[in-house]
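If you want the building blocks of each chain, they are given just below.
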Amino acid sequence: MLDLDSYLLRAFLTVAEIGTVNGAAAKLHRTQAAVSMQIRKLEELVGVTLFSRSSKGLELTAHGQIMVAYAREIVVLSDEVGRRLTGKILQGRIRLGVVEDFAASRLIDILRDFRAQNPKVDIDIIVEPNRRLAEMFEEGKLDLVVCDITVLNRKPILIWTEYLTWVVRSDFVVDASRPLPVIMFDESCPWNVRTIAALSQRNIKWKTACVASTLVAMATAVRVGIGVGPMLEATIPEGCRALDRAADLPGAVRIEIGFYAQSEASEGVRYLVEFVSRHTAMADRP
């Protein structure tokens, strides 16, 4: 029977998040030797290798990736037990920046559950375009941010892979004899390049029928029937549908959304990070 020490698990999670023992040691206010020893102890205890070395530093092995999900859950539960037994209630304010499309989909259930368990933690939700969120985060105006991984030169805590599908009004008919009317993102959006690449891969003749700067603008343009717009499935508006994935139509656009936290964070922020990580890991389990 394994007896997993949360002290070892916290060191493991910090190394997994930062990617180097040196960085983890600095964050944990311990020596590099101490953190290395904790990782070795944990690997000896579970009987598998959790990290492999690469040019970028330490990377999780397949066993390490499995371990992360359970380690987060154990640490969160350990902290929760401590708070319940001592009567300590999390309080404070969290500044969370989220790209609009994501705020309207995956995060809703997670934040609802977090808020139900921590009613005295106030959450400011700031919705801005990807690049603006990155700027605010770098300026220290946000505690947490959820945005495209290409706009921040940091290692995300989590990465969500999503796909933009091509959406039209329900009665819209694609005329193969004419260029496909496409509703494009604003040129500053990092998804714009990938959208154009998806169109180019199929050698599709297309034209920019409209430029939409927000999710509301995209949804409005699609509902009006201006053309075809790339959207997350969860954000498809009423009265609209995703195009069938026929060979003569553009393929889905893959995007990667990162979850980032400031290195110096309050207890409430750290707990929300673990809460999101745990819920994501549970949702991804088979």
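Notes on the structure follow. For clarity, every value in this text was computed on a predicted model and none was experimentally measured.

1. Points about the overall build of the protein chain
Now for step 1: Along the backbone of the protein chain there are 10 helices and 11 strands.
Now for step 2: For the protein chain, with 286 residues in total, the buried portion stands at 44%.
Now for step 3: A fraction of 74% describes how many contacts in the protein chain between residues 6 or more apart in sequence connect residues 24 or more apart.
Now for step 4: In the form shown here, the protein chain has an accessible surface area of approximately 15200 Å², with 51% of it arising from carbon and sulfur atoms.
Now for step 5: Both charge centroids of the protein chain, one from 35 positive and one from 35 negative side chains, sit 1 Å from each other.

2. Considering the pairing of strand E1 (residues 51-54)
Now for step 1: In this structure, E1 lies alongside strand E2 (residues 57-60), joined through four bridges in antiparallel fashion. Residue Arg 53 lies in a different strand from E2, and its bridge partner there is Leu 58.
Now for step 2: Between the antiparallel neighbours E1 and E2 lie two residues.

3. Details of a nonpolar patch on the surface
Now for step 1: A cluster of nonpolar side chains, contributed by Ile 66, Tyr 70 and Ile 74, occupies part of the molecular surface with about 270 Å² of accessible area.
Now for step 2: Structurally, Ile 66 can be placed in helix H4 (residues 62-86).

4. Quick word on the layout of surface pockets
Now for step 1: Of the pockets and cavities examined, the second largest pocket occupies roughly 710 Å³.
Now for step 2: In terms of lining residues, the second largest pocket is bounded by 27 residues, among which Arg 10, Thr 14, Lys 27, Arg 270 and Glu 274 are the most central.
Now for step 3: Looking at the lining of the second largest pocket, the elements with two or more residues in it are helix H1 (6-18), helix H2 (21-28), H4 and helix H10 (267-284).
Now for step 4: Here the lining of the second largest pocket takes seven residues from H10, the largest share from any one element.
Now for step 5: Broken down by class, the residue content of the lining of the second largest pocket amounts to 11 nonpolar, five polar and 11 charged.

5. So, the packing of H1 against H2
Now for step 1: Taken N-terminus to C-terminus, the directions of H1 and H2 make an angle of 125°; their axes are 8 Å apart at the nearest point. By the angle class used here, H1 and H2 are oblique. When the axes of H1 and H2 are compared, the crossing they make is right-handed. Residue-level inspection shows Ala 11, Thr 14, Val 15, Glu 17 and Ile 18 of H1 in contact with H2, the latter providing Gly 23, Ala 24, Lys 27 and Leu 28.
Now for step 2: In terms of residue class, the contact of H1 with H2 is made up of five nonpolar, two polar and two charged.

6. Remarks on the environment of Trp 206
Now for step 1: Tracing the sequence through the fold places Trp 206 in strand E8 (residues 206-212).
Now for step 2: For Trp 206, a relative accessible area of 28% translates into the label partly exposed.
Now for step 3: Those residues within four positions of Trp 206 in sequence are excluded, and the remaining contacts are Pro 179, Leu 180, Val 182, Met 184, Ile 196 and Leu 199.

7. A few points about the pattern of salt bridges
Now for step 1: Evaluated as defined, the whole model comprises 13 salt bridges.
Now for step 2: Its salt-bridge partner being Asp 109, residue Arg 112 comes within 3.3 Å of it at the nearest N-O pair. Taken as a pair, Arg 112 and Asp 109 lie in helix H6 (residues 107-117) at a separation of three residues, close to a single helical turn.
Now for step 3: Looking at Asp 109, the relative accessible area reads 43%, which means it is partly exposed.
Now for step 4: With its nearest N and O atoms 3.1 Å apart, the salt bridge here joins Arg 254 to Glu 256.
Now for step 5: The structure contains a network of salt bridges with shared partners spanning Arg 93, Arg 115, Asp 122 and Asp 124.

8. Quick look at the pairing of strand E7 (residues 180-185)
Now for step 1: The element E7 is extensively covered by neighbouring structure, given that six of its six residues are classed as buried.
Now for step 2: When E7 meets E8, the two strands line up parallel, connected through six bridges. If you follow Pro 181 over to E8, its bridge partner there is Lys 207.
Now for step 3: Note on the crossover from E7 through helix H8 (residues 191-201) to E8: the handedness is right-handed.

Parameters and conventions
Residues numbered from 1 in each chain as written. Predicted model: local features only at pLDDT ≥ 70, side-chain atom pairs only at ≥ 80, totals over all residues. Heavy atoms only, no water. Helix = DSSP H or I, 4+ residues; strand = E, 2+ residues; numbered from the N terminus. Buried < 20%, exposed > 50% of the residue type's maximum accessible area, 1.4 Å probe, protein only. Contact = heavy atoms within 4.5 Å. Areas by Shrake-Rupley, 256 points an atom, 1.4 Å probe, with all protein chains shown as cover. Lys, Arg positive; Asp, Glu negative; His and termini not counted. Charge placed at Lys NZ, Arg CZ, Asp CG, Glu CD. Pairing = 2+ DSSP bridges. Patch = residues over 30% accessible without salt bridge, like charges linked within 9 Å, V, L, I, M, F, W, Y side chains within 5 Å. Salt bridge = Lys/Arg side-chain N within 4 Å of Asp/Glu carboxyl O. 1 Å grid on protein atoms, 1.4 Å probe; cavity = no way out; pocket = protein on both sides within 12 Å on 5 of 7 lines; lining within 4 Å. Points joined across faces, edges and corners; volume = space filled by probe spheres on them. Nonpolar A, V, L, I, M, F, W, Y, C, P; charged D, E, K, R; others polar. Axes fitted to C-alpha atoms, helices over the stretch in contact; angles between N-to-C directions. Parallel < 35°, antiparallel > 145°, perpendicular 65-115°, else oblique. Left-handed = near helix turned anticlockwise from the far one by under 90°. Right-handed = clockwise from strand over helix to strand, strands pointing away.

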